[in-house]
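Observations on chain architecture
One letter stands for each residue in the lines below.
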Amino acid sequence: MISLPPQVETVLRAMAQEGATHDTAETAHARKRLNLEWPTAETLFVAVRLARRRRILEIGTSNGFSTIWLASAIAQQEEGELISIERHAEKSAQAAHNLKKAGLSRWVTLLQGEATPVVAELEGTFDCVFFDADRVTAKDQFASLLPRLTPDALLLADNVLSHPHEIAGYLECVEESGHFDCVTLPVGKGLHLAMRRPLVIPDNPAPE
């Protein structure tokens, strides 16, 4: 069981209920909340807390459900920054509202636009990236981010079991990079974790 501040848990519980009701009635995919399942969100939170991530990039904000979980992990260690990208202005505005209700706005910068070009313009390095938007273009975002990932970077991607064909390109790129140890957790719709391997410096033989 995850212990969250009462204000945060109240907002998340309300969002989970509203999101499920909304998505059942909504026929247009672009307008659905598509929030993480609660067990997946808890796993995301624990992974970020255990790895003590400091600068996180989230690709796919929606109305801010997963964003609040990530921001909560940062807030509990009282240090860090979360940047979250959402293509739909209405959803980004909803996320801003929900983050304010949860008291977590100070930890998050919300960016609105198409993920791939926005990612290309970002500055600085990231020690954690959560891919939860367009699964087909995630491979392009990964390629753009790879030079800007810290040596111990943690990558997370949702929907790897529910949408295996769409996410296949991303998974292949991560594997073929040769930089990551990977595992898929059968939680929710399938959560893929990739941890960057430590840099191995070969021993130099002593000169004769």
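Scroll up to find the structure this text is about.
Just so it is clear, the structure is predicted and the values come from calculations on it, not from any experiment.

Remarks on the packing of aromatic side chains
Overall, the coordinates contain 6 aromatic pairs when judged by the stated rule. Centre to centre, the rings of Phe131 and Tyr170 are 4.7 Å apart; their planes meet at 50°, and the pair counts as tilted. Taken together, the positions of Phe131 in strand 4 (residues 126-131) and Tyr170 in helix 7 (residues 164-177) put the pair 39 residues apart, joining distant regions of the chain. There is no split in this pair, since Phe131 and Tyr170 are both buried. The class for Tyr170 is buried, based on a relative accessible area of 0%. What links up through ring pairs into an aromatic cluster is the set Trp38, Phe45, Phe65 and Trp69. Above the ring of Trp107, the side-chain terminus of Arg106 is found at 4.2 Å from the ring centroid.

A closer look at the pairing of strand 2 (residues 81-86)
Of all 6 residues in strand 2, 5 are buried; the element is thus mostly enclosed. For strand 1 (residues 55-59) and strand 2, the ladder comprises 5 bridges, and the chain directions are parallel. Each bridged residue has a counterpart across the sheet, and for Ile59 the counterpart in strand 2 is Ile85. Handedness of the crossover joining strand 1 and strand 2 through helix 3 (residues 65-76) is recorded here as right-handed. In terms of strand pairing, strand 2 meets strand 3 (residues 108-112) through 5 bridges, oriented parallel. Considered in strand 3, the bridge of Ile85 is made with Leu111. For the handedness criterion, the β-α-β arrangement of strand 2, helix 4 (residues 89-102) and strand 3 is classed as right-handed.

Calculation rules
- Residues numbered from 1 in each chain as written.
- Predicted model: local features only at pLDDT ≥ 70, side-chain atom pairs only at ≥ 80, totals over all residues.
- Heavy atoms only, no water.
- Phe/Tyr/Trp six-rings, centres within 6.5 Å; stacked < 30°, edge-to-face > 60°.
- Helix = DSSP H or I, 4+ residues; strand = E, 2+ residues; numbered from the N terminus.
- Buried < 20%, exposed > 50% of the residue type's maximum accessible area, 1.4 Å probe, protein only.
- Lys NZ or Arg CZ within 6 Å of the ring centre and 35° of its normal.
- Pairing = 2+ DSSP bridges.
- Right-handed = clockwise from strand over helix to strand, strands pointing away.

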